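# Fold and geometry: a report
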Amino acid sequence: MNRLQPESGSAAPAPERSRTALLLRLGTWIALAVSLLGPAWWAWMREPVAAERAVSFLAAFPLFQILVDLWTLAIAHFWRPSRSPLRVPVRTPIVLAILHAGLWLCMRYLLAPEVFDRSEIADGVEGGLAIRWGMALVFGLLWMVGTVAVFLEIRLLRWVLISEDTAVVEEKPEEAEEPPDMPAGPEHTYEVQTILNRLGYEIGPVNGELNEATREALRKFQADAGLDPTGEVTMLTVIELRNRWGER
């Protein structure tokens, strides 16, 4: 559906796509993909068992999300949108990078054998290891905090880039050209003399003749009104005289 301007009913101008914003959006998705595939590759290379790979993936996830934080920080620091008033606050990716680093350290601590696992004792004999589900729950909550933080960061960055990409570039209105001045007919001389006389310009007798006194008064008035002081009766001079007289 076409957007219409409410005042004139004419179609609104189509937004001109910002190439820089498009490239930054592409880079954002690449950074996000790397931050997701990185911990998967890390877990695959380090752990032979599927369950251990899943835990290792979750533990490394906050560390790789710092890549997204650094990408966002680079955009916030170096890029200045030219069309949209939206900006990415510089402190936002800094705070999130500190958060992700802290989450990674906490999750590494929780994965320590003496913290995450406990020994089972059956019939007074120490048996195998069992997961401490309380530590596992805390581990999962920390992972969710890091994931939500990345989601909100990507969403904020996306808003800013879309706003810049779809903003309508307003064309500067062309300066209105002043209408060309043209000589006025002799029938305006009497009117000009009358108004000049009433505005306080000395023109001598009001007789409808363009004498030297009238020309001199016209030059003074035209200079005061910002017109070309030719001393001739022109249409712009007549219009300006009428306007000045109407303001009295």
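A brief look at the structure comes next. On a predicted model such as this, the values are computed, not experimentally measured, just so you know.

Reading guide: rules and limits
- Residues numbered from 1 in each chain as written.
- Predicted model: local features only at pLDDT ≥ 70, side-chain atom pairs only at ≥ 80, totals over all residues.
- Heavy atoms only, no water.
- Salt bridge = Lys/Arg side-chain N within 4 Å of Asp/Glu carboxyl O.
- Buried < 20%, exposed > 50% of the residue type's maximum accessible area, 1.4 Å probe, protein only.
- Core = buried A, V, L, I, M, F, W, Y, C linked by side-chain atoms within 4.5 Å.
- Helix = DSSP H or I, 4+ residues; strand = E, 2+ residues; numbered from the N terminus.
- Contact = heavy atoms within 4.5 Å.
- Phe/Tyr/Trp six-rings, centres within 6.5 Å; stacked < 30°, edge-to-face > 60°.
- Lys, Arg positive; Asp, Glu negative; His and termini not counted.
- Axes fitted to C-alpha atoms, helices over the stretch in contact; angles between N-to-C directions.
- Parallel < 35°, antiparallel > 145°, perpendicular 65-115°, else oblique.
- Left-handed = near helix turned anticlockwise from the far one by under 90°.
- Nonpolar A, V, L, I, M, F, W, Y, C, P; charged D, E, K, R; others polar.

This brings us to the pattern of salt bridges. Overall, the coordinates contain five salt bridges when judged by the stated rule. When the shortest N-O distance is used, the salt bridge between Arg219 and Glu212 registers 3.5 Å. Taking relative accessible area as the criterion, Arg219 reaches 28% and is therefore assigned partly exposed. If you follow the salt bridges from partner to partner, you end up with Glu212, Glu216 and Arg219 in one network.

Okay, the nonpolar core next. Residues Val192, Leu196, Phe221, Val233 and Leu241 are the most contacted members of the largest nonpolar core, which totals 13 residues. Contributing elements (two or more residues each) for this core: α6 (189-198), α7 (212-224) and α8 (235-246). Once residues within four sequence positions are removed from consideration, Val233 is found in contact with Pro183, Ala184, His188, Thr189, Val192, Leu210, Leu218 and Val238.

Before going further, it helps to spend a moment on the environment of Ala40. Along the chain, the position of Ala40 falls in helix α1 (residues 19-46). Considered as a pair, Ala40 and Phe57 are 17 residues apart in the sequence and their alpha carbons are 5.5 Å apart.

Here we come to the packing of aromatic side chains. Considering all chains together, one arrives at three aromatic pairs under this definition. With a centroid separation of 6.0 Å and an interplanar angle of 55 degrees, the aromatic rings of Phe57 and Phe61 are classed as tilted. You can see Phe57 and its partner Phe61 sitting in helix α2 (residues 50-78), four residues apart, about one turn around the helix. Ring geometry for Phe61 against Trp143: centres 5.8 Å apart, planes inclined by 50 degrees, an arrangement best described as tilted. One end of the pair, Phe61, is in helix α2; the other, Trp143, is in helix α5 (residues 133-166), with 82 residues separating them in the sequence. Overall, the relative accessible area of 5% leaves Phe61 in the buried class. Taken together, the ring pairs connect Phe57, Phe61 and Trp143 into an aromatic cluster.

By the burial criterion, the buried members of α6 are Thr189, Val192, Gln193, Thr194, Ile195 and Leu196. Considering only its buried residues, α6 is in contact with α7 and α8. Looking at the residues trailing α6, positive phi occurs at Gly200, about 100 degrees.

Turning our eyes to something else, we now look at the side chain of Glu153. Looking at the element boundaries, Glu153 is found in helix α5. Nearest to the buried, unbridged Glu153 among oppositely charged side chains is Arg91, at 13 Å. If we skip the residues at most four places from it in the chain, Glu153 touches Val68, Asp69, Thr72, Pro93 and Leu96.

Taken N-terminus to C-terminus, the directions of α2 and helix α3 (residues 91-110) make an angle of 165 degrees; their axes are 8 Å apart at the nearest point. In terms of orientation, α2 lies roughly antiparallel with respect to α3. As α2 runs across α3, the sense of the crossing is left-handed. Every residue of α3 that contacts α2 at Leu58, Ala59, Ala60, Pro62, Leu63, Gln65, Ile66, Asp69, Thr72 and Leu73 is listed here: Pro93, Ile94, Leu96, Ala97, His100, Ala101, Leu103, Trp104 and Met107. Looking at the contact of α2 with α3 residue by residue, the class counts come to 15 nonpolar, three polar and one charged.

Here we take up the environment of Ala101. Relative to the helices and strands, Ala101 is located in helix α3. Under the relative-accessibility criterion, Ala101 is labelled partly exposed at 28%. In sequence terms Ala101 and Leu63 are 38 residues apart; their C-alpha atoms lie 6.1 Å from each other.

Time to look at the packing of α7 against α8. Following both chains from N to C, one finds α7 and α8 inclined at 75 degrees, their axes separated by 11 Å at the closest point. Taken together, the axes of α7 and α8 lie roughly perpendicular to each other. In this structure, α7 uses Leu218, Phe221, Gln222 and Asp224 to contact α8, whose residues at the interface are Thr237, Glu240, Leu241 and Arg244. Residue composition of the contact of α7 with α8, by class: three nonpolar, two polar and three charged.

For the rest of this paragraph, the subject is the side chain of Thr237. Positionally, Thr237 belongs in helix α8. Since its relative accessible area comes to 1%, Thr237 is described here as buried. In this structure, Thr237 is in contact with Leu218, Phe221, Gln222, Leu227 and Glu232, ignoring residues within four places of it in sequence.

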